[in-house]
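As a plain string of letters, each chain reads:
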Amino acid sequence: MRPSYLEWALVVWFGAGAALVQAAESQWAGDRMATSQGDLVVYPIHHATLVLQWAGKAVYVDPVGGAKRLAGLPKPDVVLVTHIHGDHFDAATLEELVSGGGHVRLVVPRAVAEKLPKGPLAESVTVATEGKKIEIGGMAIEAVPAYNITPQRQKFHPKGRGVGYLLRLGGKTVYIAGDTEGTPEMGKLTGVDVAFLPMNLPYTMSVEQAARAIREFKPKIVYPYHFRNSDGTMADLEKLQRLVGAESGIEIRVRPWYPREGSNRQ
Ligand SMILES: [Zn+2]
């Protein structure tokens, strides 16, 4: 039977609707990679903020600047905070995100937990300490050290206060470094598929240090993030790519983390 004009009209109507939905989603162009349980989708958001989506769960990392900035993304199931600085930890944004769902798990280091206001945030928190494995929704979350090793920078991120996170999901390992330099602990990481590494001065590390660390622990894919220096310039990511070298087989994945200026730089 041939479709009637009405049926054709419906096909065109729904087709146009689907195109519109796609256009709306494309504001957040995520990167996809296969895992044993469906795709992991990576959404670079801004500076240190990123969102991961996997197996029906959304993980927000260091969300700041208001929940509005994350509108259009899947609602969070897990929120990870790396440390106390304002470009990573923003209680007002966390309150908006946590009160939205009622089921959101907040994972933070002790120094952040101590700064949480009483109420929903304090009630949904799990304190991440080094070596403790936290299981949420089929994902294993582990805090790892993040700190400055250069003496004149240790005041920014003293050892033991902030953390990075290792996430194991669907056979893949994702490393979110937090604010750190290339520490001995980072150098010993193995089997990292995706690494988010900061490189800004004076707060974290230079591209030379980042390249050395990358060549040491050999992640498959590196997202440079948190790469705006305190003077407003950006770290030289082309230099990073040169220093890591194509022969390493490591992909340096450059994404637009700074489409507009924010205010926090630490
Ligand atoms: Zn920072």
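1. What to know about the sheet that holds strand 5 (residues 78-80)
Stage number 1. Pairing in this open sheet of seven strands is mixed, and the strands run 1-2-3-4-5-6-7 from one edge to the other. Only two strands of the sheet have a single neighbouring strand rather than two, namely strand 1 (31-35) and strand 7 (125-127). This sheet shows a mean twist of 20 degrees between the axes of neighbouring strands, independent of strand direction.

2. A closer look at the nonpolar core
Stage number 1. Membership of the largest hydrophobic core comes to 69 residues, with the highest contact counts inside it found for Leu-50, Val-51, Val-79, Tyr-165, Phe-196 and Ala-210.
Stage number 2. Dropping the residues within four chain positions of it, Leu-50 is found in contact with Val-42, Tyr-43, Pro-44, Ile-45, Val-61, Phe-196 and Tyr-225.

3. Regarding the confidence of the model for the protein chain
The predicted coordinates should not be examined in detail at positions where pLDDT is low.
Stage number 1. A residue-level look at the protein chain finds 86% of positions with pLDDT of 70 or above and a mean pLDDT of 89.
Stage number 2. The low-confidence segment residues 18-25 (pLDDT under 50) makes one contact with residues lying over four places distant or belonging to another chain.
Stage number 3. Between residues 262-266, whose pLDDT stays under 50, and residues either more than four places distant or in other chains, the model counts 14 contacts.

4. Regarding unusual backbone geometry
Stage number 1. Omega for the peptide link from Leu-201 to Pro-202 comes to 10 degrees, which places this bond in the cis form.
Stage number 2. The backbone of His-226 shows a phi angle near 50 degrees, a positive value even though the residue is not glycine.
Stage number 3. Within the element layout of this structure, His-226 appears in the loop between strand 13 (221-225) and helix 7 (237-244).

Rules behind the numbers
Residues numbered from 1 in each chain as written. Predicted model: local features only at pLDDT ≥ 70, side-chain atom pairs only at ≥ 80, totals over all residues. Pairing = 2+ DSSP bridges. Helix = DSSP H or I, 4+ residues; strand = E, 2+ residues; numbered from the N terminus. Axes fitted to C-alpha atoms, helices over the stretch in contact; angles between N-to-C directions. Core = buried A, V, L, I, M, F, W, Y, C linked by C-beta atoms within 7 Å. Buried ≥ 20, exposed ≤ 12 C-beta atoms within 10 Å, placed from the backbone. Contact = placed C-beta atoms within 7 Å. pLDDT = per-residue confidence, 0-100.

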